[in-house]
Each structure stands twice: as C-alpha cells, then as structure tokens.
Amino acid sequence: MKRMAGAVPRAAAVAAAMALALGGCSGSGGKKAEQDAEAGVAGPRLKIAMITHSGPGDTFWDIVQKGAKAAAAKDNVEFLYSADPDGGKQAQLVQTAIDQKVDGIIVTLAKPDALKDVLARARAANIPVVSINSGADRSAALGAVAHFGQDETIAGEAAGEQLEKIGATKAVCVIHEQGNVGHEARCAGAEKTFGGRMENLYVQGTNMPQVKSSITAKLQSDPGIDGILTLGAPFAATAVDSVEQTGSSAKVGTFDLNKDLIASVRNGSIWFAVDQQPYLQGYLAVDELWLLKTNGNVIGGGRPVLTGPAIVTKDNADTVAPFADRGTR
Amino acid sequence: MSQAVLDVAADERLAGRSPLRRLAGRPEVGALLGAAALFVFFALVADSFLQAASLSTVLYASSTFGIMAVSVALLMIGGEFDLSAGVMVTTAALLSAMLSYQLTLNVWAGVAISLALTLGLGLLNGVLYVRTRLPSFIVTLATFFMLAGANLGVTKLVTGNVATDSVRDMDGFASARAVFAADLDVGGVQVNVTVLWWLLFTAVATWILLRTRAGNWIFACGGNPQAARAVGVPVDRVRIALFMGVAFTAWFSGMHLLFAYGTVQSGEGVGNEFSYIICAVIGGCLLTGGYGSAIGAAIGAFIFGMTNKGIVYAEWDPDWFKFFLGAMLLLATVVNLVVRRRAELSR
C-alpha cells in the first residue's frame, strides 16, 4: 500500500519535473545544472567561517578577507569572519562556528596547540577544516584537509637572496611583533641565504614613532648597516624615513605589499617586496571547501600549497600596481 | 609670651626647611636622579649614545610619549585615569586623514574638524564620568573599546580598506607637516619639532599647576574632592577640562602621526595608554591622585624614551629587550620612591 501510495506522487513529480525542465525551471539536474556548475553557483548555499589570529585593523588580513569574499560570492557561499590574536579566544570562536553548524571552517594555526582540541571537535562534527597562513607543519596532524600559505622560511630565504642581489653586506631584520614564530622564521630564513651579517631588531608595531626612532637608533649606533628588511609594508615606509633622516646608505626591502608601498618600489626608495599573496590564501581556502563539498577535490593532495613568495621589484611593479590600488595585492 | 614663641618653634609645620630639603620634597626630584643615573649608565655602556644625532633620536622617542604624558599626568593629579588616550590618538589621525581625503579638503580643514571632534570625545569622557559617577577606569575603558571598534569599522566603511589613503600629495600637507612633524636643523643635527612642542606643553602645564587657581583646583580635586567641593572648587568642571586636555594632546599626537607618516593604520595605538601612565608614574605622580608634576611626567617620558632607545644603542641581545625595559623602569621608579620617602621623613 505504502509503495503504491509513494509511486503515484513520484510519477507526478517526474512529470512535473519534465514540465519544469521544458519550461527551463528544473530544481535539479539537466543542462541548467551543468551550466550553473560551470558558472560556479550550483548546489546548496554553503556557510563557511574563517577564524584568524589577526589583530584588528591590519591591512594584510583585510586582503585575505577580500580574497575569501570574492570566492564566496562566486561559489554561492555565506562567508563569516572573526578573529582574535589570543589563542584561547580564537579556539572559542572556532567553537562558535561549530555550534552554528557551518559547512566548513578556515583557521590560521599561529597557535596550533590552542586549537588542537577544538579542531578535533570540528572533525567529530564532520565539519571540514582548511588552514591558511601559518602552521603548515601542524596542519595535517590537526586534521585540516588542506593548507594554503607561505612557508615563512622559504619566503625569508627569498628575501635574503634579494638583499644579496641589491648588494647589502650588513642588514637588520625589523621584527614588529616580538615572539611571533613566523616573524622569527622569516628573519632566520633571510639570514641563511644572505651572504652578509644580519641582526634582528624588535620594535613595537602598534606605535609608529617608536618604530621609527628604534630603526633610527639602530642606524645611528651602527653606520655600517646597508640593508634593512621589514616584515610588513607600513614599517618599510617608516624605515625609508629613518634612512633619509640619518643619511644612511641602507637599502630597504620588505615583506608584504600595499598601494603606497608599490609607489615606493616604483620610485626606487624601496628595493623589493616579498608578497605572500594573502588574497590567494582567502580565495583558495573558500574555493577548496567548496570544491571538497561539490566535487571531492583536495588542492595539493593534502600537502601545503604555497601562495608565495612572489617578488615585486621595480621591473614588475607597474603590472602589480592596479591590483594593489584596489587593495587585493 | 616666651612660652608662645617656644610653642611656635616646636610646631613642625612652621619649622623652616633648608632649600635643599624643599627641593627634595618636589615630586620630580627622584625621577631626575633616576634619569641622570640612567643617562650616565647608557653613556658608559653604549658607544654611540652620546652622539648628538643619537640624543636627538632619544628626545624624539621621549617627546612622542611626553606630549601625552603631560595631560595624562594632570588628569592623574586630578585623581583620574584615561584608558582611551592611546586609541584616541589614532582616532584623531584617522578623522583628519579621512575627512581631508574623502571630501577633498585642504588638510588643514581636516585638522581643524578633527580637533573639534577629538575635544568632543574628551568632553564625552568627562561628562560620562561626572554624570554616571562610575570610576573613570570603567568609563574610559568603555570609550577605549568603542573608539578601537569605531577606528576600524568607520575606516573600513569609508575607505574600503583598514588603512587611510595617503594625504601626502594634498594641499596643506607641507605646511601641516612643518607644524606637526618637521625636522629642524639644530647645529647640523636633525631635531624633530615634537621635542619643542613637548617642552612647550610641559611648561604650560607647569605654569597652570603652580601659578594659577586652576592648578590649585586640580590638586584639590585629586587630593580630596569632597573637601574641594565644600570650599567651592568646581570639581566636575575641572575634571571635564582635564579629560579634554588629554583629548587635546591626543589630537596633537594624532596629527604628528598622520603628517609624519602620511597614512594611518586603524589598529594602531592600543596599549600606548599604559606607556603614558607609566611615564607619569615614573615622574612622581601618585596613582591615587593629588600629587605629581608636569615636569616629572616629562622626566618620566625621558626615562622611558632613553631606556627604549638606549637598549638599541647598547646592542644588547634583543630577545631580552622587554626584560631590560622592565628592569630599568623598576630601577628608576625605586630611586624615585627612595628619594621621596627620605624627603618626607626628613621634614
């Protein structure tokens, strides 16, 4: 009886679906679905949460979000963003995403141990996790399906090579967040490939006059310094000010980009920028989760995918400039 | 008659004190000794510390703290705190940058509107404090969070990014830079104009504290507000004015930030409020109010700046940077304390 009762509506549904298909309005399948898949709007609307360790108001994380939002718009994804520099609070934010029953979670692993338990809970709840930016080496062990980021050591090595190329012999690596593992790794990587001597200088990143006076003090205490490597775009501009003020011959190179920095690269006051392409980190992470849900793909096959380093110098600054102008590079 | 004379002589309040002892009773003397000790110390351990250019850098670092420490010290003498002082600097800079850029105004117009709005924020802190009777710690903690959030939210809303657009190429930038961030050539050494402003602000604040009725009111408010009110001191108005004083120097510091660096990142400034309070405390201001001086705050800022930069000149292992900073500050404050206690005992 039950079967019979079910068969009639089913037949009716098929007929209705055919009618709808003829009218071009099938709810599922058919040519339309295929086209939608190509255009990237097929499937149910997904909800994806990104939780980073970023402090507020940081240009870098703004670009990550722009990438993520671009992918989300294309993939029909509802994108949620939250952040807290404190590892424990970041873990709580991940828990709230699990509570919201999101379809995927994107995290940064700057403090991997703080996130260990909550990521296990995400796995238990069958929510796929993708890590970005930091923590490539811990990503797989913590159950993330993929990782998109820059290997800090490799990026540091690229910066060291650039310093070598512009002829520096004694350089300072300016660390604007003391205790940040990634910052230390960058400077260590740079020291490895840089032929000359390199020292670290710690400055307070939230207080620009302090950054400037510390770099100035360093240049004054050692006139032999002929290279400065900063780890963020705003600090590079400040380093240039210090160089001008002290009449030092130091050449400035930096990690990360923004539109003012591109102008400085074009006019030659900054020699190079090592771009880890934060836009890609946000974009690929959202895309990966979407691909996983809709097509079972894992970009990179479980190995960390590098988003950088891309080197910007006077030679290619013109092509990058329009993208930096709109805040996506 | 002779008995009366004896009584007067025995009254310690009327006993004459030697000029040296009177000096030792001043709040800033301990800090001054601490500063001198640190100066000699760094001169000995850091080869490049005594160069004129290095001292100029130390003074610049001190001045950026010192300008804020002046008003923060006055507020502390008046018995209150302002935890929003650090982010308010960023707020003032953001306001000025965005108003100038978005409305394509001469930057001086942005500077002026920013002054009005920032003073408004000080007024808000003051009025909220006076009306709610909550501790200023709570009131300004609330405005600290609101400003930090608004700095980010409004900037992103207006510019689409979290940093402001550069105003370097706009009308008035050069003259504004000359006022707020010029490098002056003093005998071949570049000295930032903030050093002069710092000295000026300190002098004005000292004059207010020691030579005007408002100065007496400030001490009275911090020492014993009930008694002050009883003798007719307009306690609420004094405190609102003190909060606006902090807002004024926050505006000034914000303008320095903007015109020295061209753009402002909206997340900056958090944490600096404690540096300002530290400067005032090293300089002899009591956390409980009613005692302290503007000159002391200036010396405190000098100690803070000198320690900050001296560690770089001394080329110490940077991993220990914060440890050294803490140890130096402790040392300076202890010297300060010992001197003051001795002065009080020997009265």
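Read on for a plain summary of the structure. (Residues numbered from 1 in each chain as written. Chains lettered and ligands numbered in written order. Predicted model: local features only at pLDDT ≥ 70, side-chain atom pairs only at ≥ 80, totals over all residues. Heavy atoms only, no water.)

1. A look at the overall build of chain B
So, step 1. Broken down by element type, chain B carries 15 helices and 2 strands.
So, step 2. Here chain B has a C-alpha radius of gyration of 22 Å; the compact-globule value for 347 residues is 20 Å, and the two agree.
So, step 3. Counting only contacts in chain B whose residues sit at least 6 apart along the sequence, the fraction spanning at least 24 positions is 76%.
So, step 4. Within the structure as shown, chain B displays about 15,100 Å² of accessible surface, and the carbon and sulfur contribution to it stands at 69%. (Helix = DSSP H or I, 4+ residues; strand = E, 2+ residues; numbered from the N terminus. Rg over C-alpha atoms; globule rule 2.2 N^0.38 Å. Contact = heavy atoms within 4.5 Å. Areas by Shrake-Rupley, 256 points an atom, 1.4 Å probe, with all protein chains shown as cover.)

2. Observations regarding the overall build of chain A
So, step 1. Summing up its helical and strand segments, chain A has 13 helices and 12 strands in all.
So, step 2. For chain A, with 329 residues in total, the buried portion stands at 51%.
So, step 3. Long-range pairs, those at least 24 residues apart, make up 72% of the contacts in chain A between residues at least 6 apart in sequence.
So, step 4. In the structure as shown, chain A presents an accessible area of about 14,100 Å², 55% of it carried by carbon and sulfur atoms. (Buried < 20%, exposed > 50% of the residue type's maximum accessible area, 1.4 Å probe, protein only.)

3. Some details on the sheet that holds strand S5 (residues 146-149) of chain A
All names here are of chain A.
So, step 1. Pairing within the open sheet is parallel, and its 6 strands lie in the order S2-S1-S3-S4-S5-S11. Looking along the sheet, the strands with just one partner apiece sit at the ends: strand S2 (77-83) and strand S11 (305-306).
So, step 2. Relative to strand S4 (residues 129-132), strand S3 (residues 104-108) is paired through 4 bridges, and the arrangement is parallel. For Ile106, the partnering residue across the bridge sits in S4 and is Val130.
So, step 3. Strands in contact with helix H5 (residues 112-124) are S3 and S4; relative to S3, the strand with the most contacts, it is inclined by about 165°.
So, step 4. Its contacts with the sheet put helix H12 (residues 278-295) on strand S1 (46-52), S2, S3, S4 and S5, and the angle it makes with S5 is roughly 160°. (Pairing = 2+ DSSP bridges. Axes fitted to C-alpha atoms, helices over the stretch in contact; angles between N-to-C directions.)

4. Side note on the pattern of salt bridges
All names here are of chain A.
So, step 1. As enumerated under the stated definition, the model contains 16 salt bridges over all chains in all.
So, step 2. Here Asp75 makes a salt bridge to Lys74, at a shortest N to O gap of 3.4 Å.
So, step 3. Put simply, Asp318 and Arg266 hold a salt bridge, and the shortest N to O gap is 2.7 Å. Within this pair, whereas Asp318 is found in helix H13 (residues 317-325), its partner Arg266 is found in helix H11 (residues 259-267), the two being separated by 52 residues in sequence.
So, step 4. A relative accessible area of 41% places Arg266 in the partly exposed class. (Salt bridge = Lys/Arg side-chain N within 4 Å of Asp/Glu carboxyl O.)

5. Focus on the state of the cysteines
So, step 1. For the coordinates displayed, the defined rule picks out 1 disulfide over all chains.
So, step 2. Across the disulfide, Cys173 of chain A is cross-linked to Cys187 of chain A (sulfur-sulfur distance 2.0 Å). The sign of the -80° torsion about the S-S bond sets the Cys173 of chain A-Cys187 of chain A disulfide as left-handed. Linking Cys173 of chain A in strand S6 (residues 170-175) with Cys187 of chain A in helix H8 (residues 181-193), this pair joins segments that are 14 residues apart in sequence. For the pair shown, Cys173 of chain A and Cys187 of chain A are each scored as buried.
So, step 3. Cysteine Cys221 of chain B remains unbridged, with the sulfur of Cys285 of chain B as its closest cysteine sulfur at 15 Å.
So, step 4. The thiol of Cys279 of chain B is not disulfide-bonded; the next cysteine sulfur, from Cys285 of chain B, is found 10 Å away.
So, step 5. For Cys279 of chain B, a relative accessible area of 0% corresponds to the buried category. (Disulfide = S-S within 2.5 Å.)

6. What to know about the packing of aromatic side chains
So, step 1. Enumeration according to the criterion identifies 24 aromatic pairs over all chains in this entry.
So, step 2. Taken together, a centroid distance of 6.4 Å and an interplanar angle of 70° make the contact between Trp251 of chain B and Phe252 of chain B edge-to-face.
So, step 3. With a relative accessible area of 8%, Trp251 of chain B lands in the buried category.
So, step 4. By relative accessible area, which is 3% here, Phe252 of chain B ends up buried.
So, step 5. Aromatic ring contacts, followed pair by pair, group Trp108, Phe173, Phe180, Trp197, Phe201, Phe248, Trp251, Phe252 and Phe259 of chain B into a single cluster.
So, step 6. The ring of Phe255 of chain A has Arg186 of chain A sitting right over it, with the charged end atom 4.5 Å from the ring centre. (Phe/Tyr/Trp six-rings, centres within 6.5 Å; stacked < 30°, edge-to-face > 60°. Lys NZ or Arg CZ within 6 Å of the ring centre and 35° of its normal.)

7. Here's the deal with the interface of chain B and chain A
So, step 1. Taken together, the contacts link 41 residues of chain B with 34 residues of chain A.
So, step 2. Together, Tyr261, Gln265 and Val312 of chain B form the three largest contributors to the area buried by chain B at its contact with chain A, with a combined 17%.
So, step 3. The interface formed by chain B and chain A holds 2 salt bridges in total.
So, step 4. Notably, a salt bridge pairs Lys259 of chain A with Asp165 of chain B, separated by 2.6 Å at the nearest N-O pair.
So, step 5. The tally of links between chain B and chain A comes to 12 residue pairs in polar contact (both at pLDDT 80 or more).
So, step 6. At 7 residues, the largest contribution of residues to the side of chain B that touches chain A is made by helix H4 (residues 52-77) of chain B.
So, step 7. Within the side of chain B that touches chain A, the residues separate by chemical class into 15 nonpolar, 17 polar and 9 charged. (Buried area = accessible area lost by both parts, 1.4 Å probe. Polar contact = N/O pair within 3.5 Å; in protein donor to acceptor, adjacent residues only side chain to side chain. Nonpolar A, V, L, I, M, F, W, Y, C, P; charged D, E, K, R; others polar.)

8. As for the pairing of S2 of chain A
Residue and element names in this part refer to chain A.
So, step 1. Direction of pairing for S1 relative to S2: parallel, over a ladder of 7 bridges. Residue pairing for S2: Lys47 is matched across the bridge by Glu78.
So, step 2. The parallel pair S1 and S2, bridged by helix H3 (residues 59-75), forms a crossover whose chirality is right-handed. (Right-handed = clockwise from strand over helix to strand, strands pointing away.)

9. Looking at the sheet that holds strand S10 (residues 270-275) of chain A
All names here are of chain A.
So, step 1. If you trace the 6 strands from one edge of the open sheet to the other, you get S7-S6-S8-S9-S10-S12, paired in mixed fashion. Sheet topology places strand S7 (197-202) and strand S12 (310-312) at the edges, where each strand pairs with a single neighbour. Averaged over all pairs of adjacent strands, the angle between strand axes in this sheet comes to 20°, irrespective of strand direction.
So, step 2. Where strand S9 (residues 251-255) meets S10, 4 bridges bridge the pair, whose relative direction is parallel. Of the residues in S10, the one forming a bridge with Gly253 is Phe272.
So, step 3. Across the sheet, helix H10 (residues 233-246) is in contact with strand S8 (227-230), S9 and S10; its angle to S9 comes to roughly 170°.

10. Some words on the packing of helix H13 (residues 272-282) of chain B against helix H14 (residues 294-313) of chain B
Residue and element names in this part refer to chain B.
So, step 1. Contact geometry of H13 with H14 gives a least axis separation of 7 Å together with a crossing angle of 115°. Handedness of the H13/H14 crossing: right-handed. The segment H13 lies against H14, with Ser275, Ile278, Cys279, Ala280 and Ile282 engaging Gly296, Ala297, Gly300, Ala301, Ile303 and Phe304.
So, step 2. Classifying every residue of the contact of H13 with H14 by side-chain character gives 8 nonpolar, 3 polar and no charged. (Left-handed = near helix turned anticlockwise from the far one by under 90°.)

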